[in-house]
Amino acid sequence: MGFSLLHEGLVIKLPFWRVIFLKALILPQILAKNWGADQARFALWLAPCWGAGVAGYFFLPIEPPAWVGGVLVGGLALICGWAWHEKTRWLWLWLPLLMVAGGLVSGQVRTALVAAPVLYKPLPSLEIYGVVAGLEQYRGQWRMTLESVRIPRLAPERTPIRIRLTVRTLADARVGSPVRILARLSPPAQPTVPGGFDFARQAWFARLGAVGFALGAPVVLPAAEPPGWAEQAAWRIERWRLAIDQRLRDGVGGAEGAMASALTTGLRNSIPLDLVQAYQTSGLSHLISISGLHMSLVAGVIFLVLRAAIALVPWVALRWDSKKIAAIGSVMGMAFYLLLSGGEIPALRSFLMGGCVMLAILIDRSALSLRVLSVAAVLVLMLQPDSLIGPSFQMSFAAVLGLIAAYELFSPWAGEWRRGKQAQSPRWWSLWGRTVCLYVGGMVLSSVVATIMTAPYAAYHFHRFNAYGVVANLLAIPLASFLVMPGLVAGLLLMPLGLDGLVWPVVKAGLAAIALVAETVSSWSGAALEVPRMAMLDLGLISFGGLWLCLWQGRWRWWGMTLILIGGLMPWTRSPPVLVFGPDMMTVAVHDGQGLRFVGPSPDRFYRRTWEAVWGEGELRSREQIPLSGGGIARCDGFGCRLERNGRAVAVPLSARAVAEDCLHRQKMLNPTGYYRSECAAQVLLSRARLRENRVTLVFMTDNGFLSFETLRDWQGQRPWSPSPRAFSRAAEYDD
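Computed from a predicted structure; not experimentally measured.

Draft legend 1. Highlighting the packing of aromatic side chains. Applying the stated rule across the entire model yields 19 aromatic pairs. For the ring pair Trp548 and Trp552, a centre distance of 5.7 Å and an interplane angle of 75° mean the geometry is edge-to-face. Assigned by exposure class, Trp548 and Trp552 land together as buried. By way of ring pairs, the aromatic residues Trp45, Phe544, Trp548, Trp552, Trp556 and Trp559 are connected into one cluster. One Lys or Arg, Arg150, reaches over the ring of Tyr129 and ends 4.4 Å from the middle of that ring. It is Arg719 that lies over the ring of Tyr57; its NZ or CZ is 4.7 Å from the centre.

Draft legend 2. Expanded view of a nonpolar patch on the surface. A grouping of Val436, Tyr439, Val440, Val444, Val448, Ile452, Phe482, Leu483 and Val506 is seen on the molecular surface, where their side chains present a nonpolar patch of about 770 Å² in accessible area. Listing elements by their share of the nonpolar patch, those giving two or more residues are helix H15 (427-462) and helix H16 (469-494). Counting residues per element, the nonpolar patch draws most heavily on H15, at 6 residues. Summarising the element assignment, Ile452 is placed in helix H15.

Draft legend 3. Inspection of the state of the cysteines at higher detail. This model, assessed by the stated rule, comprises 2 disulfides. A sulfur-sulfur separation of 2.1 Å characterises the disulfide bridge that pairs Cys636 with Cys641. Given an S-S torsion of about 110°, the disulfide between Cys636 and Cys641 has right-handed geometry. Each member of the pair, Cys636 as well as Cys641, carries the same accessibility label: buried. For Cys663, the disulfide goes to Cys680, at an S-S distance of 2.2 Å. With the S-S bond torsion at -85°, the cross-link from Cys663 to Cys680 turns out left-handed. Remark: Cys680 occurs in the loop between strand E19 (668-670) and strand E20 (683-686) and Cys663 occurs in the loop between helix H21 (656-662) and E19; sequence separation between them is 17 residues. We classify Cys680 as partly exposed; its relative accessible area is 28%. Assigning the bonded cysteines of the chain consecutive numbers by sequence position, one obtains the connectivity 1-2, 3-4.

Draft legend 4. Fine view of the environment of Gly134. Along the polypeptide, Gly134 turns up in strand E3 (residues 123-138). Considered as a pair, Gly134 and Trp235 are 101 residues apart in the sequence and their alpha carbons are 8.2 Å apart.

Draft legend 5. Summary view of the side chain of Asp538. Relative to the helices and strands, Asp538 is located in helix H18 (residues 536-551). Side chain to side chain, Asp538 and Arg574 meet in a polar contact 2.6 Å long. When residues no more than four places from it in sequence are discounted, the contact partners of Asp538 are Gly567, Met570, Pro571 and Arg574.

Rules of the game
Here, residues in each chain are numbered from 1, in the same order as that chain's written sequence. In keeping with the model being predicted, local features are shown solely for residues with a pLDDT of at least 70 and side-chain atom pairs are shown and tallied solely at 80 or more, while totals for entire chains, interfaces and linings include all residues. Hydrogens and water are ignored here; the side-chain numbers use all heavy atoms of the structure. In this scheme Phe, Tyr and Trp rings, the latter by its six-membered ring, pair at centre separations within 6.5 Å, and the angle between planes marks the pair as stacked below 30 degrees, edge-to-face above 60, and tilted otherwise. Relative accessibility under 20% of the residue-type maximum defines a buried residue, over 50% an exposed one, and the middle range a partly exposed one, all with a 1.4 Å probe and only protein chains included. Ring-over charges, as used throughout, are those where CZ of Arg or NZ of Lys falls within 6 Å of the ring centre and within 35 degrees of the ring normal. Patches in this entry comprise residues that are over 30% relatively accessible and not in a salt bridge; like charges within 9 Å are linked, as are nonpolar side chains (Val, Leu, Ile, Met, Phe, Trp, Tyr) within 5 Å. Accessible areas in this description were obtained via Shrake-Rupley with a 1.4 Å probe; residue shielding takes into account the shown protein chains only. What makes a salt bridge here is a side-chain nitrogen of Lys or Arg within 4 Å of a carboxyl oxygen of Asp or Glu, nothing more. Helix and strand definitions follow DSSP, with helices as H or I runs of at least four residues and strands as E runs of at least two, each counted in order from the N terminus. Here, a disulfide means two cysteine sulfur atoms that sit within 2.5 Å of each other. Each polar contact in these results corresponds to two N or O atoms within 3.5 Å; when the atoms are within protein, one needs to be able to donate a hydrogen and the other to accept it, and residues that are neighboring in sequence are counted only if both atoms are side-chain atoms. Only heavy atoms matter for contacts: two residues are in contact if any of them lie within 4.5 Å across the pair.

Here's what the structure looks like:
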C-alpha cells in the first residue's frame, strides 16, 4: 500500500511508512505554527488542569497522605516563581502541573473538612434523638433529615452527626424541632455496578452518616438549650421553603404545581414518576433540577426588568449606568434564588457562573467568554471538588463550553450576514425578518450544540442517548423562557401581597405545554437509545478531545475530533460480562447478548432494575440453554449453570447438590453458595466469601474461554467513603 505525492508536475509514489515519517518530520513546524496563533489561549487550559487534579484524586485506589498535596503544591509553586522571575519558557510546563496539584489538594481538603462518622453495618430498631434540619415530601411520605444526632447505644465519637429517615407522618414535628423517634438505620447505599452512581460517596460529602426508616411517629421534645443564630436562620429559611412549596402546589395545582415547586424551591420528590420518566426520555430532564438554565433565566428577567425600569426615569438613566445597576440587582436576585432552592450543588455552581458573568459586566468585560467560564469552573472546583464527578457539573459546563465556542465560530458569519441583508432588503424585512431568522437559527444551533456536548456524559451516567432531545428542547425552552420562569418570578414578588394567584394560570399553562411536549416526544419510537457501558477512559478521551476542539482556534483544534471518535467507538468494541454476581449471592445473572437472564434464587429488585438499565432488560429466573454474549452457551437448570466457550467450561453451582456434582470433575468453578466439599476436583476461582468481599463481581470470558474479573471493591478502593471499616478508623460501630 502506498500514497501518491504531486511534486513539480511529477507523481511520486511512496510507501505508507515513508509518508508517516515525512509527516513526523514536519510535525514540530505544524505545532509551532498553531502554538504561535493560539498562545494567548493557553490560560484557558488552567481550569481543565485543575479539574484533572481533582479527577486524579477521586480515582486514586487509596487515600493519599495529607502531606503529599502540600509538598507538591509548595514545590511546584517555588519552581513556578523561579521560572517567572527568570522569564523562562519552562513556566508553560510547570504552571499546568501546579494547577493539577492544586486540584488534588482541594479534594484532600474538602474530604478532611467534611469527615464525620459513618455506619458500616445495619443497626436494629432503636431510639434516636436529633433536631429536624430538613423535610421533603416523598411518594406520600416524608424524608426527614436529623442533625445533632444522639443514639444512646452508640459512642458519641462514633455516632453520625446527620442521618436521613423516611417517616409516614410528622405529627407535630417541623424544621428545628428536637425529636425522639424509633427507627432502623443502615449505611448509605453502595454502587450496584463498578463505575456506577456512588451514593455512599455523595453522602460522605453531605455529612450523611446513615439512612433508614422510622417505625413510628416522631415525638417532639423540649429544647435542651437555645439554638444559635446560625441554626435559627437556617431553620427559618427551610420553613420558608416548605411554606412556598405548599403555596405553589396548592396555587398551581396538580403535577404542574409539583413542577413549579421543583423549579422554585428545588423540592422535586412530589413530581409524579411517570412525568419524570417522560422528561428523562425526551431529553428535558435538565428542566426538573435547578441548573444554569433556570439561574440564567431568573437573572435575565431581573436584568431586563431593572434596565427597563431605570430607562423610565430619565434623571436616573442619564446619570447612572443602568447596565451595572441591573447586574448588581441580578446578583442579589440569584442569591435569593440560591437560598430559596436549598443551596444544592447545581444551584450553587450556577450562581457562581452567573456571578462571574455579572462581574464581567461590572468591570466592562465580555460577559460570555471562555475566560469567565474558566474562572467559574475553578471557583466551583475549589469550593466543591466532589461536584466534578457528578453528571450535573459535567453536563452543564460541557453545554456552556460548546455554546460559547460555537458563538465564537459563527458570530462573525452571522454579523456579516445581518449587515449584508440589511443593505439589500426591504425595511420591514431588515427590522423583523433578520431578527426572527437569527433567533430561530440561534435556538436550533444552541439545541444541537448542547445536545451533542452533553450526549457523552448522559451515555456514561444513564446509559442512553435521547434521540429527539433537540426537537424537545426547541419546543420546551421558549415556553420555559417566556412563560414559566417569568411567571414564577412575578408570582414570588406578588406572594407577600396575596396577588400571586393572578399569574399561576399562566405558569400552569406553560408547564402543561412542556409536559405535553415531554410526553409526546417520549412516546416516539426510539426516543431513548440504549448505549453500551462506557469506561472512564472512554469519557476521558471524549472530554479531552472536546476541550481541544473548543479551547483552541487554529486548524489543529480539529485534531480533537480524533480523540472524540476513538472514545465514542471504544464502548462498542467491548463485550458485556457473561456473568454478574450481586453482594447477597441471591442475585446472579447471565448475559445472553441481548439482556440479562436472572438465574439466582431470589434476585434483589433494586439490583435487577439498575443492572437492566446498564446491560438491557432480561427475564426473571430463566433456566435453560442461554447463548452467551460474544459466543458460547450457558446451560442452566434448577441447581446451577455451566458456561461453555471454545471447549472450556466453568461451573456455577447454585445449590448443595450442584456443588457435589461439579466437584467430581476437573474444571473451573465459581461457587457463590456456602457449601463446600473437602475432596473437590474442581478449581474454585471465586468462593462465597470472596464474592461477598467483592460486593459486585463482573465475570468476562475471552474468545478462548479464559476468565477475567472486575469488582466493585477494586473500583472503590480504600477510601473514606468505602464500606470497609479499615478505610476509616472513625466509622460508627454498634455496641451490642
